[in-house]
Amino acid sequence: MSFRVVRSSKFRHVYGQALKREQCYDNIRVSKSSWDSTFCAVNPKFLAIIVESAGGGAFIVLPHNKVGRIAADHPLVGGHKGPVLDIAWCPHNDNVIASGSEDCVVKVWHIPDHGLIKTLTEPVVDLVYHQRRVGLVLWHPTALNVLLTAGSDNQVVIWNVGTGEALVEIDCHPDIVYSACFNWDGSKLLTTCKDKKIRIINPRTGEVEADAICHEGSKATRAIFLRHGLVFTTGFSKMSERQYSLRTPDCLGEPIVMVELDTSNGVMFPLYDPDTNLVYLCGKGDSVIRYFEITAEPPFVHYINTFQTPDPQRGIGMMPKRGCDVTSCEISRFYRLNNSGLCQAITMTVPRKSELFQEDLYPDTLGDTAALSAEEWMSGQDAEPILISLKDGYKPPESKSAMSVHKRSNLLDKMPPKGGKSPTTQSAPVPVLTPISSSQGLFACTSKLKALTFLLGLYTTMLVTGLSGFEYSGLEHCSMDKTLQEFADEIRKLKAMIVKHENRIRALEADVALSKAAAAASAANDDEDGAGGDGLNAQPTQQLASDEV
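Residues numbered from 1 in each chain as written. Predicted model: local features only at pLDDT ≥ 70, side-chain atom pairs only at ≥ 80, totals over all residues. Heavy atoms only, no water.

Asks: Pulling in residues and values, what's your account of the overall build of the protein?
Replies: When helices and strands are tallied, the protein shows three helices and 32 strands. For the protein, the proportion of its 549 residues judged to be buried stands at 48%. Expressed as a percentage of contacts within the protein between residues at least 6 apart in sequence, the contacts between residues at least 24 apart total 54%. (Helix = DSSP H or I, 4+ residues; strand = E, 2+ residues; numbered from the N terminus. Buried < 20%, exposed > 50% of the residue type's maximum accessible area, 1.4 Å probe, protein only. Contact = heavy atoms within 4.5 Å.)

Asks: Explain unusual backbone geometry to me, using residue names and the numbers behind them.
Replies: A cis amide bond, omega 0°, links proline 298 with the succeeding residue proline 299. Examined against the element boundaries, proline 299 turns out to sit in the loop between strand S26 (288-294) and strand S27 (301-308). Here the phi dihedral of cysteine 104 falls at roughly 75°; this positive angle occurs in a residue that is not glycine. Inspection of the secondary structure puts cysteine 104 in the loop between strand S9 (96-101) and strand S10 (105-110).

Asks: Before we move on, can you summarise the sheet that holds S27 with the specific residues and values?
Replies: Pairing between the strands of a sheet comes from backbone hydrogen bonds, and it takes one of two forms, parallel or antiparallel. The four strands lie next to each other as S24-S25-S26-S27, forming an open sheet whose pairing is antiparallel. Edge positions in the sheet fall to strand S24 (268-273) and S27, since each of these pairs with one other strand and no more. Across the sheet, the mean angle from the axis of one strand to that of its neighbour is 25°, orientation sign disregarded. Bridging between strand S25 (residues 278-283) and S26 involves five bridges; their strand directions are antiparallel. Its bridge partner lying in S26, valine 279 is registered against phenylalanine 292. (Pairing = 2+ DSSP bridges. Axes fitted to C-alpha atoms, helices over the stretch in contact; angles between N-to-C directions.)

Asks: Describe the environment of glycine 186, listing the residues and the values that go with them.
Replies: Position of glycine 186 among the secondary structure elements: in the loop between strand S16 (177-182) and strand S17 (189-193). Considered as a pair, glycine 186 and alanine 383 are 197 residues apart in the sequence and their alpha carbons are 8.1 Å apart. Leaving out residues up to four positions away in the same chain, glycine 186 has contacts with His140, Pro141, Pro203 and Trp377.

Asks: Which residues make up the state of the cysteines, and what values do they have?
Replies: Applying the stated rule across the entire model yields zero disulfides. Of all cysteine sulfurs, the one in cysteine 40 lies closest to cysteine 343, which takes part in no disulfide; the gap is 5.3 Å. (Disulfide = S-S within 2.5 Å.)

Asks: Tell me about the nonpolar core, and name the residues and values.
Replies: Counting 36 residues, the largest nonpolar core has Ile28, Ile49, Phe59, Ile111 and Tyr335 as its most contacted members. Elements with a minimum of two residues in this core: strand S3 (40-42), strand S4 (46-51), strand S5 (57-63), strand S8 (84-89), strand S29 (330-338) and strand S30 (343-349). Beyond its immediate chain neighbours, meaning those up to four positions away, isoleucine 49 contacts Ile28, Phe39, Cys40, Phe59, Ile60, Ile87, Leu337 and Cys343. (Core = buried A, V, L, I, M, F, W, Y, C linked by side-chain atoms within 4.5 Å.)

Asks: Account for the environment of cysteine 104, with residues named and values stated.
Replies: What makes cysteine 104 buried here is its relative accessible area of 18%. Separated by 29 residues in sequence, cysteine 104 and arginine 133 place their C-alpha atoms 4.4 Å apart.

Asks: Lay out the pattern of salt bridges in plain terms, naming residues and giving numbers.
Replies: Per the stated rule, a full pass over the model turns up 19 salt bridges. Put simply, aspartate 94 and arginine 322 hold a salt bridge, and the shortest N to O gap is 3.0 Å. Of this pair, aspartate 94 sits in the loop between S8 and S9 while arginine 322 sits in the loop between strand S28 (313-318) and S29, and the two are 228 residues apart along the sequence. Where aspartate 275 meets lysine 321, a salt bridge forms, and the shortest distance between an N and an O atom there is 3.5 Å. One end of the pair, aspartate 275, is in the loop between S24 and S25; the other, lysine 321, is in the loop between S28 and S29, with 46 residues separating them in the sequence. The same class applies to aspartate 275 as to lysine 321, namely buried. (Salt bridge = Lys/Arg side-chain N within 4 Å of Asp/Glu carboxyl O.)

Asks: I'd love a proper account of the sheet that holds strand S21 (residues 231-236), names of residues and values included.
Replies: Ordered in space as S20-S21-S22-S23, the four strands form an open sheet in which the pairing is antiparallel. Unpaired on one side and paired on the other, strand S20 (222-225) and strand S23 (257-260) mark the two borders of the sheet. Across the sheet, the mean angle from the axis of one strand to that of its neighbour is 15°, orientation sign disregarded.

Asks: I'd like a description of the confidence of the model for the protein, backed by residues and values.
Replies: Here the protein shows a mean pLDDT of 84. Residues at 70 or above account for 79%. Low pLDDT, under 50, characterises residues 402-407; the predicted model gives this stretch 12 contacts beyond four residues in sequence or across chains. Note that pLDDT drops below 50 for residues 464-476; the model gives that stretch 26 contacts with residues more than four away or on any other chain. (pLDDT = per-residue confidence, 0-100.)

Asks: Tell me what's going on with the pairing of S28, and back it up with residues and numbers.
Replies: Two faces, one strand: in a regular strand the side chains alternate between the faces of the sheet. Most of S28 is tucked away: six of the six residues are buried. Bridging between S28 and S29 involves five bridges; their strand directions are antiparallel. By the bridge assignment, methionine 318 is partnered in S29 with phenylalanine 334.

Asks: Describe the side chain of histidine 215, with residues and values.
Replies: On the secondary structure map, histidine 215 appears in the loop between strand S19 (208-213) and S20. A polar contact is formed between the side chain of histidine 215 and the side chain of threonine 233, at a distance of 2.9 Å. (Polar contact = N/O pair within 3.5 Å; in protein donor to acceptor, adjacent residues only side chain to side chain.)

Asks: Help me get a handle on the packing of aromatic side chains, residues and values and all.
Replies: Applying the stated criterion across every chain yields a total of 10 aromatic pairs. Ring centres of tyrosine 25 and tyrosine 335 lie 6.4 Å apart, and the angle between their planes is 50°; this geometry places the pair in the tilted category. Placement of the pair is tyrosine 25 in strand S2 (residues 25-26) and tyrosine 335 in strand S29, with a sequence separation of 310 residues. Classification of tyrosine 25 as buried rests on a relative accessible area of 2%. Between the aromatic rings of tyrosine 280 and phenylalanine 334, the centroid separation amounts to 4.8 Å while the plane-to-plane angle is 65°, which identifies the pairing as edge-to-face. Taken together, the residues tyrosine 280 in strand S25 and phenylalanine 334 in strand S29 connect sequence positions 54 residues apart. Taking the relative accessible area as the measure of exposure, tyrosine 280 reaches 0% and is therefore buried. With a relative accessible area of 0%, phenylalanine 334 lands in the buried category. (Phe/Tyr/Trp six-rings, centres within 6.5 Å; stacked < 30°, edge-to-face > 60°.)

Asks: Just give me the short version of the side chain of histidine 80, but keep the residues and values in it.
Replies: Topologically, histidine 80 is positioned in strand S7 (residues 77-80). Accessibility expressed as a relative area gives 4% for histidine 80, which makes it buried. For histidine 80, the side chain forms a polar contact with the side chain of aspartate 103, separated by 3.2 Å.

See the structure below:
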C-alpha cells in the first residue's frame, strides 16, 4: 500500500485577490508600443505607467492614495522626443526614476513626495551614448546611483548617474539585448540576446564568463538570477511553445529543469520574490498569473497555483516587499494594466488566523539604503544588500535628495553629510515684484501671469515638500508667506486686467465685423444701380443715328 506524501510548504495556499474597481486606477491610456516591456514600475510611494502621448513619449506617476478615475489632463513626465520604452525606480531612492526611449536618450527624473502638480519636462540628468532606441534600464541592487542601459545598437552601458558619466561599455552582444539582471550582490550580470544565447558577464570589465543557448525558439527570452545563484529563464521552443527552465551558472547549457507550459504568443516576464523564493510568470496578453516555488528538492520548481482574470494584461508591475501590508499577511502585490485603461491591484496573501507579525513569512528584506557608493563598486568591492525588518511596518522616508545640478556632483545622493552643516545649504531667495501698470498690453499681462503662476507653484512646493538644499529661519518663513500673498494679489490683478483686455478685443472685433458687413452691402447696391439699367436688369436700346433714318 503506497501513500502519496504531500509536500510541506507554507506557500502552498497562497491565493490572489483583485481589489475593487474604486481601489484601482482607471482611465489610463496605456502605451500601445509593441516593445516587450512591462510598461509599469512600482515602489512604496508611487506607481509609474508608460502612456500614449502625442508629440513624444511620456509616463504618468501616481501616488498610491490617488485611486479611482484619473483625469485626462493629469500631469505627466514628458521630456522625451520619442515613445518611452522602459522605466525603473531607483531601489535606494523612492523619488528617482529612470526612463529609456526611442529618442536614444536615457533620462533620470526626481518626483516630489506628493506627486506632480504640473507636467515635468526637465530631468535631473540626460545620459547620452546610444545610437539607437534604448529599450532597457536597470538599477544596480547594492551600489548607489549605478544604472545599466541597453539599446538596439547592441550596446550595454553602465553609468554613474551622480556624475552623468559612463563607467563601463559592454559590446559583446551581436544582436539586440532582451533582458538583463544583476545577481544578489551585483557582482555578476546576466543577459539574454536575440542570438538565443544567455551570458554571464563581469559588469566591471565586460568580460563574458559563460554563455550557452537559452531556448531554441526565435522569440524573446528572459532570464533572472535567483538569490542563491541559480538562473531561471523563460522563452520558446522550436515549435513556439512557451517554456521555463532552471540552470546553474556552472552549466548554463544543461538545464536542471525544462518545462513546456502552453502555446501562447506572449512573452513571459518572470517576477521574483527573493524572500519567499517564489517566481511569478506573467505573460503579455495572458489573463493569468502563474506562480511557482523554487526549492532544493526535486523537481526544484513546484507549481503552486494560478490567478485567473477575465481580461488580458498589457503590462504588469510588482511592489517591493517593503510596500506590502504585513498586517494582512500580504506577501506580494501586483498592478495589472488592461487594454481598457484599468490598472488593477492584486494582492497575494497567505491565510493566517493570528493577527500577530508572521516572522516566517517576512524575513529581513531589501531596504532602501545602498551598501556601496559607485566609486567603491567600480574599485572592485562587493557587498550584500542592506536588509531591514518589517516587524513594525515600513514607512517611506521623506525625500532627502539634493537636486541641484552641478557637474560631477552626486545629484541623487541620499547619504547625509558626515559632519556639520551641508556646504550647499543656502537661504531661499525672495523675489521682488514689480507693480502692474494699467497700460500694459494683453501679451505682456499674459506673459507676466504665466511667470508669476510658475513662481507661485514653485514657492508653494518648496513650503509644502521642504526641498532639500534650502533652510528657512522664522523671519524667512514670514517673508515667504508675505511673498506668496503678494503673488496671489498680483495674479488676481493680472487676471482682471486680462479679462478687461479680452472684453475690449471682443467689442473691437464686433465693430470690425459690422463695418465689413455694411461695406459689403453698400458695394452690392452700387453694383446693381451702376449698370445704367432701369432697375429690372433690362439692356438699354441703342438709338439709331439721324442720318440712318
